[in-house]
Amino acid sequence: MRGVYMITPEPFALRGQAAFLRRDPFLAAPGEALGWESDARLVVRHGRIEAFGPAAHTLLPAGVPETPLGHRVVLPGLIDCHVHYPQLGVMGAMGHSLLPWLERYTFPAERELADPTVVHALARHFVAELARNGTTTAAVYGSVHAHSADALFEAAQGSGLQLIAGKSLMDRNAPPGLPDDARGGCAETEALIGRWHGRGRFGCAVTVRFLGTSSPAQIEAAADLWRRHPGTWLQSHLAEDRDELALIARLFPDARDYTDAFDRFGLLGRRAVFGHGIHLSDRERARLAEAGAALAHCPTSNLFLGSGLFDAAAARAAGVAVGLASDVGAGTTLSMLATMGAAYQVARLRGALLSPAYLLWLATAGAARALDMTGRTGNLAAGLGADVVVLDPRATPLLALRSARARDAGELLRVLMTCGDDRAVHSVVAGGHVARVCMDSSG
Ligand code: GUN
Ligand code: ZN
């Protein structure tokens, strides 16, 4: 057998071509944001990137084995800023926009997670899928059941994955048997924070599902909890769908807009991450930016439900941090490569263009910024967590045919973001752990 590629337990080094971010593409001059090394060395030790740079100038420490990657490409590990693991089983449930989709498919599916056996099996499946897709960091919604967050963290122990998660708070407007209650839901979240927040690479999010399923009493309790636990995240949905907007306006008649409804409860701030943010005014974007809150752009979900076309340029021009997200199960893939392709298509439908550098940014360094994790992950640089994905541009016959014609790094990335998905993921390193290695004989 020719060319078997193996990555050994750390310390280890990878050698090959690598793409990374030099600067925020929104602020950089064209061509300055994307970094490319045609012969890079990346040294991993103690869960971190110990060194990264051109192989000619980056020492390989004595005794550290190095894996040559040939034609493959090293990227920062991918980040999914908003995903619902209880919804794996309702992906592709066609025929409805957001609110009826929630009622007909999503809430009934989430009710099944009352059964601990179902929860544990699903959590294990989800963690394996993250690794298979090259996603090394994710912000995850559990179901209303606290044990769904426990099961997720338990399943991810030892994987090296970096996870932010919480149980969904939802005490109204859901079918019988599903809602929690205003105080009980927050008490369960507080217990989860005690058990998991800051443990290894795990963090907790106060997860107000959306303002349509929480009473004012629960939202107040959630805001109080978030304030009392600095360093935790706050995740929710914002301005996803026109009917949802009308519902929120009915439920919170005193708020000037959807964003203001959160603001009045004190739910805007650093580490607040809102899914979607499609139907926002300039005022709302400015307020989100001022507060340091972030948006998770969920293009496959928005296309699937017909929710609308996110305006990435307006969000960035207003100074709002934006990260990319699958939003499975409304989203149609866990692959952040495929999600980058969908973000490109959504931008085209708005008449805009996203560069490969900007797409990569959205799923790596930009996503890390949106999650307030700059300096921890999202790029290839010494000191960051060793979160790395190795892509194979020849993974399928079509990819091989197309990538062979790529004239430069930018074009190769364009191909991977347009035609690539989980099949293109060769190896994954999360926090220094080798989360997935494909051995092959293709040379
Ligand atoms: N709004 C409230 N809950 C959900 C959900 O589960 N998925 C999506 N896409 N939007 C929501
Ligand atoms: Zn969502």
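Colleague: What is the right way to read the coordination of the zinc ion (ligand 2) from this model?
Modeller: Every protein donor of the zinc ion (ligand 2) is accounted for by His 82 (NE2), His 84 (NE2), His 237 (NE2) and Asp 327 (OD), and the metal-donor separations fall at 2.1 to 2.2 Å. Coordination at the zinc ion (ligand 2) is irregular: its four donor atoms span angles of 91 to 163 degrees at the metal. Between the donor residues of the zinc ion (ligand 2), the gaps in sequence give the motif H-x1-H-x152-H-x89-D. Linking His 82 in strand E5 (residues 78-84) with Asp 327 in the loop between strand E13 (321-324) and helix H11 (336-349), this pair joins segments that are 245 residues apart in sequence. Residue classification places His 82 among the buried residues on the basis of a relative accessible area of 1%. Asp 327 sits in the buried class, given a relative accessible area of 3%.

Colleague: Please clarify how unusual backbone geometry should be interpreted in this entry.
Modeller: The phi torsion of most residues other than glycine is negative, and most of the peptide bonds are trans. For the bond from Glu 10 to Pro 11, the omega torsion is 0 degrees, close enough to zero to count as cis. Here Pro 11 shows up in the segment before strand E1 (12-21). Val 328 connects to Gly 329 through a cis peptide bond whose omega is 5 degrees. Tracing the backbone through its elements, the reader meets Gly 329 in the loop between E13 and H11. Positive phi outside glycine occurs at Asn 173, with the angle close to 55 degrees. With respect to the secondary-structure elements, Asn 173 resides in the loop between strand E8 (168-169) and helix H4 (182-196). For Asn 173, a relative accessible area of 48% corresponds to the partly exposed category.

Colleague: Even after reading the chapter, I still don't get the side chain of Thr 377, so can you show me in this structure?
Modeller: Looking at where Thr 377 falls in the secondary structure, it is placed in the loop between helix H13 (365-370) and strand E14 (388-391). A distance of 2.6 Å separates a polar atom in the side chain of Thr 377 from a polar atom in the side chain of Asp 387. Setting aside residues no more than four positions away along its own chain, Thr 377 makes contact with Ile 79, Thr 137, Gln 162, Ala 368, Leu 384 and Asp 387.

Colleague: I'm lost on H4 in this one. Help?
Modeller: For an α-helix, the turn length of 3.6 residues means that residues three or four places apart are oriented alike. The end-to-end C-alpha distance of H4 is 22 Å, a good match for the 21 Å that 15 residues give at a rise of 1.5 Å each. Turning to H4, its buried residues number three or more, namely Ala 182, Gly 185, Cys 186, Thr 189, Leu 192, Ile 193 and Trp 196. For H4, the buried positions fall inside an angular range of 110 degrees around the axis, keeping them on one side. Facing away from the buried surface of H4 by more than 90 degrees, the exposed residues are Arg 183 and Gly 194. Where H4 is buried, its residues contact helix H3 (146-156), E8, strand E9 (202-208) and helix H5 (216-228). The first or second residue beyond H4 is Gly 198, which carries a positive phi of 80 degrees.

Colleague: Looking at this structure, I do not really get the site of ligand 1. What am I missing?
Modeller: Around ligand 1 sit His 84, Gln 87, Leu 98, Trp 101, Leu 102, Arg 209, Phe 210, His 237, Glu 240, His 276, Asp 327 and Ala 330, and that is every residue in its neighbourhood. In this structure, an oxygen atom belonging to ligand 1 sits 2.7 Å away from a side-chain N or O atom of Arg 209. At a separation of 3.4 Å, a nitrogen atom of ligand 1 approaches a polar side-chain atom of His 237. Here the element with the most residues in the shell around ligand 1 is helix H1 (residues 98-111); it accounts for three residues.

Colleague: Would you explain the packing of helix H12 (residues 356-363) against helix H15 (residues 409-419) in this entry?
Modeller: If you want to describe how two helices pack, look at the angle between their axes and the distance between the axes. Between H12 and H15, whose axes approach to 9 Å, the crossing angle comes to 55 degrees. Taken together, the axis directions place H12 and H15 in an arrangement best described as oblique. Handedness of the crossing formed by H12 with H15: left-handed. Packed against H12, whose contacting residues are Pro 356, Leu 359 and Leu 360, the element H15 presents Gly 410, Leu 413, Arg 414 and Met 417 at the interface. Looking at side-chain class alone, the contact of H12 with H15 contains five nonpolar, one polar and one charged residues.

Basis of the calculations
- Residues numbered from 1 in each chain as written.
- Chains lettered and ligands numbered in written order.
- Predicted model: local features only at pLDDT ≥ 70, side-chain atom pairs only at ≥ 80, totals over all residues.
- Heavy atoms only, no water.
- Donors = N, O, S within 2.8 Å, 3.2 Å for Na, K, Ca; no water.
- Tetrahedral: all angles 85-135°; square planar, octahedral: opposite > 155°, others 65-115°.
- Helix = DSSP H or I, 4+ residues; strand = E, 2+ residues; numbered from the N terminus.
- Buried < 20%, exposed > 50% of the residue type's maximum accessible area, 1.4 Å probe, protein only.
- Polar contact = N/O pair within 3.5 Å; in protein donor to acceptor, adjacent residues only side chain to side chain.
- Contact = heavy atoms within 4.5 Å.
- Expected span 1.5 Å × (residues − 1).
- Arc of directions from axis to C-beta.
- Near = heavy atom within 4 Å.
- Axes fitted to C-alpha atoms, helices over the stretch in contact; angles between N-to-C directions.
- Parallel < 35°, antiparallel > 145°, perpendicular 65-115°, else oblique.
- Left-handed = near helix turned anticlockwise from the far one by under 90°.
- Nonpolar A, V, L, I, M, F, W, Y, C, P; charged D, E, K, R; others polar.

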